[in-house]
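A closer look at the structure
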Amino acid sequence: MGELEDAVMTRVWKWNRPVTVREVLEDLQQERSIAYTTVMTVLDNLHQKGWVRREAEGRAYRYEAVSTRAAYAAALMNDAWSQSDNPAAALVAFFGMMSDEQRQALRDAVRIVQGPETPDTTSDTDDENPGAAQDGGGR
């Protein structure tokens, strides 16, 4: 996604509702000089790429995001990672760039994806520390 496409999608994602070219144009014009037809073309391109769907409203369209910004970011990360000749090294380098907060978010995400932990049917205490059973009393 190009810089202008990202600027447009940022608004569509932030507003989280169907938007018109005019609404996006007026918001973008607070930061830059841009023409109505440019925004219209960008939204049409985003529609053709599958990032937004549109519904006719009179002579205009209302555009709505097909997926979330998080899904877009995930697709970018997956694409970059899948192009690596050494995915493990790429992940190590990526993790090394993360802040503590980002690493904690990653840990949380892994826990969510893995689901609830299932109880282990073997006793970790007996396997990892054979003397622990004797110290536990009553065994």
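Our structure is the block above this text.
Here is a short report on the structure shown in this document.

Definitions and limits used
Residues numbered from 1 in each chain as written. Predicted model: local features only at pLDDT ≥ 70, side-chain atom pairs only at ≥ 80, totals over all residues. Heavy atoms only, no water. Helix = DSSP H or I, 4+ residues; strand = E, 2+ residues; numbered from the N terminus. Buried < 20%, exposed > 50% of the residue type's maximum accessible area, 1.4 Å probe, protein only. Contact = heavy atoms within 4.5 Å. Areas by Shrake-Rupley, 256 points an atom, 1.4 Å probe, with all protein chains shown as cover. Expected span 1.5 Å × (residues − 1).

1. A word on the overall build of the chain
Secondary structure assignment for the chain yields 8 helices and 2 strands. Ordered by position from N to C terminus, the α and β elements of the chain give α-α-α-β-β-α-α-α-α-α. Expressed as a percentage of the 139 residues in the chain, the buried residues total 19%. The long-range fraction of contacts in the chain, counting pairs at least 24 apart against all pairs at least 6 apart in sequence, stands at 37%. For the chain, the accessible surface area stands at approximately 10100 Å², while carbon and sulfur atoms represent 52% of it.

2. Quick look at helix 1 (residues 3–15)
Helix length check: helix 1 (13 residues) gives 19 Å between terminal C-alpha atoms against 18 Å at 1.5 Å per residue, within 8%. What helix 1 keeps buried is the set Glu5, Ala7, Val8, Met9, Arg11, Val12 and Trp13. Packing partners of the buried residues in helix 1 comprise helix 2 (21–28), helix 3 (36–48), strand 1 (52–57), strand 2 (60–65) and helix 4 (69–82). Positioned one or two residues after helix 1, Asn16 has a phi angle of 50 degrees, which is positive.

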